[in-house]
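Single-letter residue listing:
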Amino acid sequence: MEEQLEEILLLVKKKMNEQGGYTKEAYRQFVVETIDYFLEKGKLSEDDNLEFIESRLIMMWPEVKDSISE
């Protein structure tokens, strides 16, 4: 699970940099998009606790915000 979170987070950060979205709302949207992408690619399934994954990533916003503002 932690490995998947890290993989999703890396892609979210990449999207933020590429698209210039640095707000909490943009971050939330990128998280949702990336989870959907992982579902499409078979890296996640409906059997995974998607709500937990999403909420865990959303809770990481303060750390992400700090890392992009440095």
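Figured I'd write up the structure that's included with this text. If you're wondering where the values come from, they're calculated on a predicted model, not measured in any experiment. The written sequence of each chain sets the order in which its residues are numbered from 1. Reporting in this predicted model follows two pLDDT cut-offs: at least 70 for local features of residues, and 80 or more for side-chain atom pairs to be given and counted; totals over whole chains, interfaces and linings ignore these cut-offs and use all residues. With hydrogens and water set aside, each side-chain value is computed from the structure's full complement of heavy atoms.

**Here's the deal with the nonpolar core**
Worth spelling out the cut-off: For this analysis, a nonpolar core means a set of buried residues of the types Ala, Val, Leu, Ile, Met, Phe, Trp, Tyr and Cys, connected via side-chain atoms within 4.5 Å. Exposed residues in this analysis have more than 50% of their type's maximum accessible area, buried residues have under 20%, and partly exposed residues fall in between, with area computed by a 1.4 Å probe over protein chains only. By definition, any uninterrupted DSSP run of H or I lasting at least four residues is a helix, any uninterrupted run of E lasting at least two residues is a strand, and each is numbered from the N terminus. Whether two residues are in contact is decided by their heavy atoms: any pair within 4.5 Å suffices.
In terms of nonpolar packing, the biggest core is built from 19 residues, with Ile8, Tyr27, Ile35, Ile53 and Leu57 touching the most fellow members. Contributing elements (two or more residues each) for this core: helix H1 (2-19), helix H2 (24-40), helix H3 (50-59) and helix H4 (61-69). The element that contributes the greatest number of residues to this core is H2, accounting for six residues. In this structure Tyr27 touches Leu9, Val12, Met16, Leu57, Ile58, Met60, Trp61 and Val64, once residues within four positions along its chain are discounted.

**Describing the packing of aromatic side chains**
The line we're drawing: Stacked, tilted and edge-to-face pairs are distinguished by plane angle, under 30 degrees for stacked and over 60 for edge-to-face with tilted covering the rest, among Phe, Tyr and Trp rings (Trp via its six-membered ring) whose centres lie within 6.5 Å. Charge-over-ring placement is defined geometrically: NZ (Lys) or CZ (Arg) within 6 Å of the ring centre, and within 35 degrees of the ring normal.
Considering all chains together, one arrives at two aromatic pairs under this definition. Ring plane angle 40° and centroid distance 5.2 Å describe the contact between Tyr27 and Trp61, whose orientation is recorded as tilted. With Tyr27 in helix H2 and Trp61 in helix H4, this pair connects stretches of sequence that are 34 residues apart. Like Trp61, Tyr27 is buried. Look at Tyr37 and Phe38: their rings are 6.1 Å apart centre to centre, the planes differ by 70°, and that puts the pair in the edge-to-face class. Classification of Phe38 as buried rests on a relative accessible area of 2%. The ring of Phe38 has Lys43 lying over it, and the distance from NZ or CZ to the ring centre is 5.2 Å.

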